[in-house]
Amino acid sequence: MCGIVGLVDYRRSAAQTSTTLLEQTHRMATTLAHRGPDAQGAWANEGMRVGLGHRRLSIIDLSPEGHQPMVSANDRYVMVYNGEVYNFRELRAELEALGHKFRGHSDTEVILAGFVQWGVKATATRLIGMFAIALWDQSERNLFLIRDRIGIKPIYWTYQDSRLLFASELKAFHAVEGWQPQICENALAYFFGYSCVPSPLSIYKGVHKLSPGHILKFSSDGKLSQSNYWSLSDVAQKGWDASLQHRNGVESTINALETLLKDAIKRRMVADVPLGAFLSGGIDSTLVTALMQAQSNTPVKTFTIGFSEDQFNEATHAEQVAKILGTDHISEYFSAADALELVPKLAELYDEPFADSSQLPTHLVSLITRRHVSVALSGDGGDELFAGYNRYIWFNSVWRTFGSIPRPLRSSISSLIPMLSTQQWDTLANKLPRKFQVRQFGDKLHLLASALKANSREELYIKLIQKGDMPERFIRETVSAPAFAMTGAPDTGKAFIPQMQYGDMNAYLPDDILTKVDRASMGVGLEARVPLLDHRVVEFAWSLPMDYKLRDGQGKWILRQILYKYVPKDVMERPKAGFGIPLQSWLSGPLRDWAEALLAPESLARDAILNPAAVRAAWDGFINNGSESPYLIWNLLMYQAWKARWHP
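Definitions and cut-offs
- Residues numbered from 1 in each chain as written.
- Predicted model: local features only at pLDDT ≥ 70, side-chain atom pairs only at ≥ 80, totals over all residues.
- Heavy atoms only, no water.
- Helix = DSSP H or I, 4+ residues; strand = E, 2+ residues; numbered from the N terminus.
- Contact = heavy atoms within 4.5 Å.
- Areas by Shrake-Rupley, 256 points an atom, 1.4 Å probe, with all protein chains shown as cover.
- Lys, Arg positive; Asp, Glu negative; His and termini not counted.
- Charge placed at Lys NZ, Arg CZ, Asp CG, Glu CD.
- Buried < 20%, exposed > 50% of the residue type's maximum accessible area, 1.4 Å probe, protein only.
- Polar contact = N/O pair within 3.5 Å; in protein donor to acceptor, adjacent residues only side chain to side chain.
- Phe/Tyr/Trp six-rings, centres within 6.5 Å; stacked < 30°, edge-to-face > 60°.
- Pairing = 2+ DSSP bridges.
- Axes fitted to C-alpha atoms, helices over the stretch in contact; angles between N-to-C directions.

Visitor: What should I look at first to understand the overall build of the protein chain in this one?
Guide: The helix and strand tally for the protein chain stands at 27 helices and 17 strands. Each principal axis of the C-alpha distribution contributes one length, and for the protein chain these read about 70 × 60 × 45 Å. Put simply, 73% of the contacts in the protein chain that link residues at least 6 apart link residues at least 24 apart. Accessible area for the protein chain stands at about 24700 Å²; split by element, carbon and sulfur atoms hold 51% of it. In the protein chain, 68 side chains carry a positive charge and 68 a negative one; their mean positions are 2 Å apart.

So, in structure tokens, the structure goes:
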């Protein structure tokens with residue numbers, strides 16, 4: 001795992017600058033030292049006006065033979081690469097049979113030889129793994145940027161004034177001479193609504209995220225072109241069509257998925273450094289851990305964190321699961337004080353505004369994991385692929401129940417619910433017998449209030465993933481911030497849940513979940529691997545009938561059937577918890593002074609984009625009567641913290 005940077009500078013004045021391309025590339029790479037603490041490398045050709053830089057976290061082939069930037073054996077290609085390819089040994093054997101010889105045993109060298117043998121697109125389609133690749137073709141003077149199919153690894157790029165820049169993180173651009181970014185108001189509007197900036201936008205005008213499964217080609221004549229080598233849209237449509245013709249028996253389907261998952265996990269257990277797993281005790285992380293332990297001769301190292309607040313504490317359950325599976329388990333508890341210490345560092349970690357509050361526990365579990373191992377497997381992706389989110393379960397019942405209610409009546413109900421804050425609803429709910437209590441009841445009820453305003457299935461879905469209404473009121477200028485585009489969603493007729501899954505996989509997964517995991521783990525030099533997002537598992541999941549995913553009011557039905565072979569059913573039968581923090585109580589308690597400073601009137605008055613009155617009204621409403629969502633406040637705070645760090 002690594003960080004990559006580079007530039008191609010065709011500006012006429014660039015050749016006369018005092019700083020060489022090699023020096024500029026080194027400077028960019030240095031900003032990503034956290035992603036690759038083991039080594040730094042740079043390569044430049046002043047005549048061709050190109051430079052490539054790399055920060056290395058050594059996982060496979062710890063020797064200098066795995067060092068990057070790496071030049072192909074025939075000297076045609078130069079490559080920097082962030083990620084891991086898990087089928088490189090098979091590819092190497094195939095290439096050796098074709099006459100290729102190798103100096104070391106890294107996957108980087110194998111990928112390069114693949115480009116020589118098969119070309120760029122054909123090689124990308126052969127790779128199983130997570131990757132962001134930059135490839136310079138010295139013969140044709142073309143630069144290729146390639147991102148993995150699901151968007152596990154990040155890559156930003158921009159082409160302005162005859163200069164192309166790319167990097168794993170935006171902070172590398174700040175090290176480039178003459179770079180003057182401008183905040184994109186439309187991207188900011190998306191951020192306030194969804195807690196992240198969706199691809200291909202970034203927070204800066206003219207700076208883009210390369211879309212998953214795509215290749216960007218920058219030609220010597222300065223022309224840009226993009227193409228995809230893998231399409232989620234095609235996979236989803238083909239899978240949906242196949243699911244309608246599914247004829248395999250239940251047992252054979254369960255066994256086929258288990259075999260595929262074991263292979264995906266086994267491939268991700270290959271490393272030349274210590275390896276472990278995140279274990280929250282939920283379905284996904286427990287299944288990944290169980291299949292790891294089933295294929296390991298020694299106890300797998302597993303890690304979890306706990307909080308003093310019972311409703312957010314997963315540690316006790318994770319410890320029970322670890323004992324059943326026989327793992328070498330480590331738990332560590334954190335308090336609001338620990339979070340307070342970390343919060344000011346988030347803007348450095350996420351150099352683009354990002355406000356999924358589970359970024360805090362994800363970073364904390366990465367911190368304790370990195371003390372013991374360099375690689376950790378994660379269960380991310382199970383919710384999107386196998387219909388695990390509560391919104392999938394709620395959707396049919398909510399739409400069926402409330403869709404037929406006249407709009408004025410729905411509007412009245414919607415306006416009544418927020419009269420009590422989320423905390424007040426939680427207090428009322430906690431007075432019920434324990435078996436009737438619902439975790440984060442107030443948040444869910446306020447979300448329902450927003451959902452009641454929806455006039456279509458699409459609008460309901462958007463409100464469910466927004467956790468409220470789009471808060472465009474916070475931006476001075478009129479902006480266009482439509483819902484996350486579901487362009488390319490499969491044609492499923494009246495079945496809308498598969499379209500929701502597509503929307504989540506297309507946007508929420510890469511731009512929120514995977515961004516969170518990448519920055520939280522790489523911020524401490526930890527490589528996180530996500531076996532459930534092996535593209536073969538993705539394609540298999542889409543081919544399954546919906547009742548293999550959602551059955552009897554429970555998501556992830558087929559994953560549960562596999563898991564019950566390893567962990568007793570009664571241990572796993574519990575409400576879906578998520579990976580949250582007590583945001584409401586922390587913001588109104590130990591984090592209040594920090595929040596007040598960021599949202600102070602004098603600070604807001606200096607902002608050319610935000611509407612100070614609207615922001616202060618939201619904060620006052622949150623503090624005084626709980627009328628504003630804590631998630632919305634967190635979005636505002638994360639933007640203010642980001643701006644204070646990167647644009648003081």
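Visitor: Looking at this structure, how should I read the side chain of glutamine 24?
Guide: Along the polypeptide, glutamine 24 turns up in helix α1 (residues 21-30). When its relative accessible area of 4% is taken as the criterion, glutamine 24 is described as buried. Looking at glutamine 24, its side chain comes within polar contact range of the main-chain oxygen of threonine 19, at 3.4 Å.

Visitor: Could you clarify how one ought to interpret the packing of aromatic side chains in this entry?
Guide: Centre distance and the angle of the planes are the two values used to describe a pair of aromatic rings. Summed over all chains, the structure comprises 17 aromatic pairs. Between phenylalanine 191 and phenylalanine 192, the ring centres sit 5.6 Å apart and the planes meet at 50°, which makes this aromatic pair tilted. Phenylalanine 191 gets classed as buried once you look at its relative accessible area, which sits at 0%. Phenylalanine 192 sits in the buried class, given a relative accessible area of 1%.

Visitor: What should I look at first to understand the side chain of arginine 268 in this one?
Guide: As for its placement among the helices and strands, arginine 268 is situated in the loop between α7 (250-267) and β13 (275-278). Overall, the relative accessible area of 3% leaves arginine 268 in the buried class. Beyond its immediate sequence surroundings of up to four residues, arginine 268 is in contact with Tyr86, Ile128, Gly129, Leu275, Leu377, Arg529, Val530, Pro531 and Asp534.

Visitor: For this particular structure, what's the right way to read the sheet that holds strand β7 (residues 142-147)?
Guide: What links the strands of a sheet is backbone hydrogen bonding, and the strands pair in either a parallel or an antiparallel sense. With antiparallel pairing, six strands are arranged side by side in an open sheet as β4-β5-β6-β7-β11-β12. Of all strands in the sheet, those bounded by a partner on one side alone are β4 (70-71) and β12 (224-228). On the sheet, helix α3 (residues 107-118) packs against β4, β5 (77-85), β6 (129-137) and β7 and is oriented at approximately 125° with respect to β5.

Visitor: When you look at the sheet that holds strand β2 (residues 39-45) in this model, what are you seeing that I'm missing?
Guide: Across the sheet, which stays open at both edges, the six strands sit in the order β2-β3-β1-β9-β8-β10 with antiparallel pairing between neighbours. Unpaired on one side and paired on the other, β2 and β10 (207-209) mark the two borders of the sheet. Averaged over all adjacent pairs, the angle separating strand axes in this sheet is 10°, with direction ignored. Pairing analysis gives three bridges linking strand β8 (residues 156-160) to β10, with the strands arranged antiparallel. Within β10, the residue paired with threonine 158 across the bridge is valine 207.

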